[in-house]
Each structure stands twice: as C-alpha cells, then as structure tokens.
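If you want the building blocks of each chain, they are given just below.
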Amino acid sequence: MRLGAHFRFLIVGLALALTVAIAQPAAAQQINPTANAVKEQQLLDALRGNPSGEVQGRISIPDGTAATLIRPAGREWREFHQGTMLRVGAIAVLGMLALLAAFYLVRGRVKVEAGLSGRTMTRFNGFERFMHWMTATCFIVLALSGLNVTFGKAVLLPLLGPQAFTNVSLAAKWAHNYLAWPFMLGIAMMFLVWIKDNIPTGTDLKWLAAGGGLVGKGHPPARRFNAGQKVIFWSVVLGGAALSVSGVYLLFPAFAGGVLNLQFWNVIHGVVSMLMVAVILAHIYIGSIGMEGAFDAMGSGEVDLNWAKEHHSLWVADQMKKGQAGAPAMQPAE
Ligand code: HEM
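The model shown is predicted, which means the values in this text are computed figures rather than measured ones. (Residues numbered from 1 in each chain as written. Predicted model: local features only at pLDDT ≥ 70, side-chain atom pairs only at ≥ 80, totals over all residues. Heavy atoms only, no water.)

1. Remarks on the overall build of the protein chain
Next up, step 1: If you tally the helices and strands in the protein chain, you get eleven helices and five strands.
Next up, step 2: When the 334 residues of the protein chain are sorted by exposure, 33% land in the buried category.
Next up, step 3: Pairs at least 24 apart in sequence give 74% of the contacts found in the protein chain among residues at least 6 apart.
Next up, step 4: For the protein chain, the accessible area works out to roughly 20700 Å², and carbon and sulfur atoms hold 70% of it. (Helix = DSSP H or I, 4+ residues; strand = E, 2+ residues; numbered from the N terminus. Buried < 20%, exposed > 50% of the residue type's maximum accessible area, 1.4 Å probe, protein only. Contact = heavy atoms within 4.5 Å. Areas by Shrake-Rupley, 256 points an atom, 1.4 Å probe, with all protein chains shown as cover.)

Right, here's the structure in full:
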C-alpha cells in the first residue's frame, strides 16, 4: 500500500516534468519575443514600421526602462555630443579669442584719458572681492575641466598620452563635481549683492548708443555698473542658474525623470557653458589688459578717481554727495 502510493507519486512527478520539458520551447518563444531582434535586419524592419522609432522588448525586472532596445533620440544626442557640441564650443571660444585679439589690435588698451589723479575711491569692499574671486576661481577650474570633457580627447590625449590623460581627466572630474557647489553659492551671492545696481535703465540705452566709450569717442555717463557690465552680470546670473539646474540633474541622474530629460539637461549644460566661457573671456580681457586701471577695482578694491569719473561719472557724483569719494592715495612714509 505504502509502495503503491510512492509509485503513484513517482508517475505523477514524471508526467509533470515531461509536460514542463515539452512546454519549455514554446514558453521561451513567448516570453522572449526579442530573440528575433538580435538579427539586425529584423531590428531595422521593426524600426521602419514604427512611427515613434523606438523598439521595445518585454522584460520581467522592475526597471521598466531596460525594455527599450533602440531609442533614436539617443543616437541624435550622441551625434550632438560628439559633433555639434565640438563645433559650438570651437566657434564660441576661438571666435571670441579672435575677436578680442582683433579688438586689441584696432583699439589698443583703453587708457585713463585724463591721466591718473593719485586720488582713489573704494569701488568694491572686501566681501564683494571675496565673493568675486571665489566664483571666478571656481568658474575657471569648472571651465577648464568641462572643456576637457568636450575637447580633451582631441587636444590633450595626443599631447599627454593615455595614462597621464586618464589621471588628469579623473582629477578634473572630481574638481568639476565638487567646485560646482561654491560656484553656485557665489552666483547666488553675486545676484543678491549686486542686483540693485544692475536693473536696466534709460541711461543704459544712451550708453549703448554711444558705443560705451569703447567704440567711438567720449565716455557716456554710467552709474555703478554700465550697460556692458549689466550684460555680464545677467549672463553670469542666468547662465549660472541654467548651469546649476542642469548640473545638479547631471550629478543626480535619478532625479532627472528619464534618459530623455537627462539628454536635454546635458545639451543645455554644454551649450550654456560654452556661451558663458565666451562671455567671461571678454570680461577677463576688459577687466585686465583691455583697460587701464580696471583690475584695481577687484584687486585692491580702490580705483583712481579719474578712472571712475571717465567710466562711471554718475556713480562718482552719487558717492561724492555721500562724502565717499576722492580720498588722496596713500603716500609712502618718509
Ligand atoms: C581672471 C579672471 C577675472 C578677472 C581678471 C576679473 C576682473 C573683474 C574686474 C576688474 C571687475 C570690476 C569691474 C569694475 O570695476 O567695474 C569684475 C567684475 C565682475 N566680475 Fe570678474 N573677473 C574675472 C573673472 C570672473 C568670472 C569667472 C566671473 C563669473 C563667472 C566674473 C563675474 C564678474 C561680475 C558679475 C562682475 C560685476 C559686473 C562687471 O563688472 O562686469 N568675473 N571682474
């Protein structure tokens, strides 16, 4: 009796195993419709008959995105990343450098026409200079490490060789990821501290119409920041905000809401950064070799009174009313 029960159990077990074995090939075809897809031609056929251009498979893991076999938007993004992005960057950066070199050759250094007066006034206090140089230092490292992502393989790799290029790129990536934070803080601080002096007014239109004293003759009046500097300010604030939002999504891709969004933010990050590098190159030029007396404003914080009168006459008048302009420059002790 006990033996009979065991025998029946064995027969049922064997029958079940046989059923599963026979059913297996059919089941495999059913749950793996993408087996055909390994053949390229069939994949291409699937693409052709599909208006969205996407080819999906069927999967049993929780991550639904893994079912996407082909997404044409990915190919477009790669073409942008490896082609268009290089052209945009090269035109923006090299174009701006060429423009500045031409401007320097034609216009020369913008001089203080009345000569230095020997009297100075405070243009930026210590906090403003700290905020500026913190943001500027971060931006320069971010720009160089970012440019390495776009141009490094073409420019640095042949110069350094694979090992050194790998080390440099790794260090650049860490610097880029961490310096993004003080840069964002600096942008926010600049926005809060300088916005009151950067609201566009009618004076800016007159300044622009007169060529800002850079092209043409004379020095059109300006308050603390002229129209050119307001353009720099708003480019830095709006460009910085776009770089911050897109950059945070690139740092934390899980929050971007899918691959397509991530590609969108990547394109924004790349294009805005190249434009901002071009704008900042112009800013660095005019704040250093392009204009006599300008660097002092961010160096010591004190500018010559004649420089201030020529470039920011309305601001000087305001400061004089407040009794804050025209202290004689320090004389050396005898
Ligand atoms: C070596 C690099 C740099 C130099 C030599 C430089 C120089 C200067 C100077 C001299 C000023 C004062 C202009 C004045 O007195 O009216 C200034 C202002 C300013 N800088 Fe820079 N800067 C540099 C980099 C940067 C960077 C990287 C940023 C932002 C990403 C930046 C943003 C600003 C802004 C928003 C202002 C106020 C608006 C203006 O004057 O254009 N600077 N800079």
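2. Observations regarding the environment of Leu170
Next up, step 1: Turning to its location among the elements, Leu170 is positioned in helix α5 (residues 162-194).
Next up, step 2: Taking C-alpha positions, Leu170 is 9.6 Å from Ser145, a pair spaced 25 residues apart along the chain.

3. Looking at the coordination of the iron atom of the ligand
A four-donor tetrahedral metal ideally has 109.5 degree angles, and a six-donor octahedral metal ideally has angles of 90 or 180 degrees.
Next up, step 1: Taken together, His132 (NE2) and His283 (NE2) make up the protein donors of the iron atom of the ligand, found 2.0 Å from the metal.
Next up, step 2: One can describe the site at the iron atom of the ligand as octahedral: its six donor atoms subtend angles covering 86 to 180° at the metal. Of this pair, His132 sits in helix α4 (residues 126-160) while His283 is found in helix α8 (residues 259-287), placing the two residues 151 residues apart along the sequence.
Next up, step 3: Judged by its relative accessible area of 29%, His283 is partly exposed. (Donors = N, O, S within 2.8 Å, 3.2 Å for Na, K, Ca; no water. Tetrahedral: all angles 85-135°; square planar, octahedral: opposite > 155°, others 65-115°.)

4. Overview of the site of the ligand
Next up, step 1: Near the ligand lie 22 residues; those nearest to it are Arg123, His132, Gln229, His283 and Ala297.
Next up, step 2: Arg123 has a polar side-chain atom sitting 2.7 Å from an oxygen atom of the ligand.
Next up, step 3: Within the side chain of His283, a nitrogen or oxygen atom sits 2.7 Å from a nitrogen atom of the ligand.
Next up, step 4: Of all the secondary structure elements, the ones that give two or more residues to the shell around the ligand are α4, α5, α7 (227-251), α8 and α9 (295-299).
Next up, step 5: Across the shell around the ligand, the residue classes break down as 16 nonpolar, five polar and one charged. (Near = heavy atom within 4 Å. Polar contact = N/O pair within 3.5 Å; in protein donor to acceptor, adjacent residues only side chain to side chain. Nonpolar A, V, L, I, M, F, W, Y, C, P; charged D, E, K, R; others polar.)

5. Notes on the packing of α4 against α8
Next up, step 1: In the contact formed by α4 and α8, the axes pass within 11 Å of each other and the chain directions differ by 130°. The orientation of α4 relative to α8 falls into the category oblique. The chirality of how α4 crosses α8 is left-handed. Every residue of α8 that contacts α4 at His132, Phe139, Ala143, Leu147, Thr150 and Phe151 is listed here: Met274, Met276, Val277, Ile280 and His283.
Next up, step 2: The class makeup of the residues in the contact of α4 with α8 is eight nonpolar, three polar and no charged. (Axes fitted to C-alpha atoms, helices over the stretch in contact; angles between N-to-C directions. Parallel < 35°, antiparallel > 145°, perpendicular 65-115°, else oblique. Left-handed = near helix turned anticlockwise from the far one by under 90°.)

6. A look at a nonpolar patch on the surface
Next up, step 1: The grouping of Leu170, Trp174, Tyr178, Trp181, Phe252 and Phe255 at the surface amounts to a nonpolar patch, some 740 Å² of accessible area in total.
Next up, step 2: Note that Trp174 resides in helix α5. (Patch = residues over 30% accessible without salt bridge, like charges linked within 9 Å, V, L, I, M, F, W, Y side chains within 5 Å. Salt bridge = Lys/Arg side-chain N within 4 Å of Asp/Glu carboxyl O.)

7. Re the packing of α7 against α8
Next up, step 1: One way to put it is that α7 packs onto α8 with a least axis distance of 9 Å and a crossing angle of 150°. It follows from the interaxial angle that α7 and α8 lie roughly antiparallel. Classified by chirality, the crossing of α8 by α7 is left-handed. Residues Ile232, Ser235, Val236, Gly239, Gly240, Ala242, Leu243, Val245, Ser246, Gly247, Tyr249 and Leu250 of α7 form the contact with α8, whose participating residues are Leu262, Trp265, Asn266, Ile268, His269, Val272, Ser273, Met276, Val279, Ile280 and His283.
Next up, step 2: Here the contact of α7 with α8 is composed, by residue class, of 14 nonpolar, nine polar and no charged.

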